[in-house]
Amino acid sequence: MKICLVSHTENFKGNEEKYRWIVEGFKEIEEELSLNIPITWALEEDDTGLHPLEIRARNRGDLITHGSDFFKRLHLEGHELGIHVHFVKEGKLDFSYLNQKRLIKNAKVKFIKAFGFAPKSFVGGWWHSDEFTTKILREEGFLVDASPLPLYSEKRRRWILGKIPTFSRIVASDWRHFKSRIPLLKEGILKVPNAIDPRVDFFSVSKTISLDLLDTQMMESLEVFRHFQEEGITFLCIPFHPHSLTREKFSKIKTFFIRCNKIDKLEFIRLQDLYERWRGAPNQDV
Ligand SMILES: [Zn+2]
């Protein structure tokens, strides 16, 4: 199974130390599993003001301007840098074509200024991606969208619909494609499904979750992983949020990977490399 580890990377200032131990922590897992673990860091550069749903957003979206030196080094070490965008305007959700275009374009321009090359991979805030997003990604030269949350179970369907209603029309049809082992390629954009249910996920956006509950959730996540594997899906995305990681959770992640590796040999791959591999053999599993 090919795993794209995708960080929804949302703020940097004041969290530098945390980012350092996260990177170190993944290096330890690399050694323990004898695997290379490159990560796609999807960076947010937000100029929409306050995040509508979370107060912590006050400092968010400073990755490209404030974290550029840190992430430049990670890029040199073999990690991928992409972008992460929440579609907001003046504190409210706004998924219109114009607003999505404005935000993706702004992020891209700042990204190029900071890193000297154009981003190829994208993941939407709250995993949002619709027809407009796909069109804009194409127009702006992106190759991969790591947003899809396939509705592979009733539980997931309920969670997603309860969380943000717009998800329903975005992902309702996607699972069929993944299930038939066809990578979902729309207008030249490779769509990579997220395997881990954000509701039961130890990488989740919630930092307050108890460690006991985390154990239960890890078992559920393992079932999700097994489910994907049984369906013959050969690549998937595991998202995580640096702000919600704690050291205790990190050791759980390590255990989780070790268990997954027993079900199916893991290969960690950057989103852009997955695209290249897919392009080389479009009708086969990558
Ligand atoms: Zn986000």
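See above for the structure.
Residues numbered from 1 in each chain as written. Predicted model: local features only at pLDDT ≥ 70, side-chain atom pairs only at ≥ 80, totals over all residues.

Q: Before we go on, may I ask you to explain the overall build of the chain in this structure?
A: Of regular secondary structure, the chain possesses 11 helices and 11 strands. A buried classification covers 41% of the 286 residues belonging to the chain. Summarising the internal contacts of the chain: among those between residues at least 6 apart in sequence, 75% fall at separations of at least 24. (Helix = DSSP H or I, 4+ residues; strand = E, 2+ residues; numbered from the N terminus. Buried ≥ 20, exposed ≤ 12 C-beta atoms within 10 Å, placed from the backbone. Contact = placed C-beta atoms within 7 Å.)

Q: Is there a simple way to think about the pairing of strand 2 (residues 39–44) in this case?
A: Looking down a regular strand, the side chains alternate between one sheet face and the other. Where burial is concerned, most of strand 2 is hidden: six out of the six residues are buried. As defined by bridge partners, strand 1 (residues 2–9) adjoins strand 2 across five bridges and the pair is classed as parallel. Counterpart to His8 in the pairing with strand 2 is Ala42. Between the parallel elements strand 1 and strand 2, the chain passes through helix 1 (residues 16–33) in a crossover that is right-handed. Pairing analysis gives five bridges linking strand 2 to strand 3 (residues 80–85), with the strands arranged parallel. Its bridge partner being in strand 3, Leu43 is matched across the sheet by Ile83. (Pairing = 2+ DSSP bridges. Right-handed = clockwise from strand over helix to strand, strands pointing away.)

Q: Which parts of the structure should I look at to understand the pairing of strand 10 (residues 235–240)?
A: Of all six residues in strand 10, six are buried, a share of seventy percent or more. Along strand 10, one buried face is formed by Phe235, Cys237 and Pro239 and the opposite face, lined by Leu236, Ile238 and Phe240, is buried too. For strand 1 and strand 10, the ladder comprises six bridges, and the chain directions are parallel. Bridge pairing in strand 10 places Cys4 opposite Cys237.

Q: I keep staring at the environment of Val123 and nothing clicks. Help me out?
A: Topologically, Val123 is positioned in strand 6 (residues 121–124). Linking Val123 and Val192, residues 69 residues apart in sequence, is a C-alpha distance of 9.8 Å. Among residues more than four places away in sequence, those in contact with Val123 are Val6, His8, Ala42, Gly82, His84, Ala146 and Ser147.

Q: Looking at this model, I keep getting lost on the packing of helix 4 (residues 97–115) against helix 5 (residues 131–139). Mind explaining?
A: What describes two packed helices is the angle between their axes and the distance between those same axes. Following both chains from N to C, one finds helix 4 and helix 5 inclined at 40°, their axes separated by 10 Å at the closest point. As judged from the angle between their axes, helix 4 and helix 5 are oblique. At the point where helix 4 passes helix 5, the crossing takes the right-handed sense. Contacts between helix 4 and helix 5 involve Tyr97, Gln100, Lys101 and Ile104 from the first element and Phe132, Thr133 and Ile136 from the second. Here the contact of helix 4 with helix 5 is composed, by residue class, of four nonpolar, two polar and one charged. (Axes fitted to C-alpha atoms, helices over the stretch in contact; angles between N-to-C directions. Parallel < 35°, antiparallel > 145°, perpendicular 65-115°, else oblique. Left-handed = near helix turned anticlockwise from the far one by under 90°. Nonpolar A, V, L, I, M, F, W, Y, C, P; charged D, E, K, R; others polar.)

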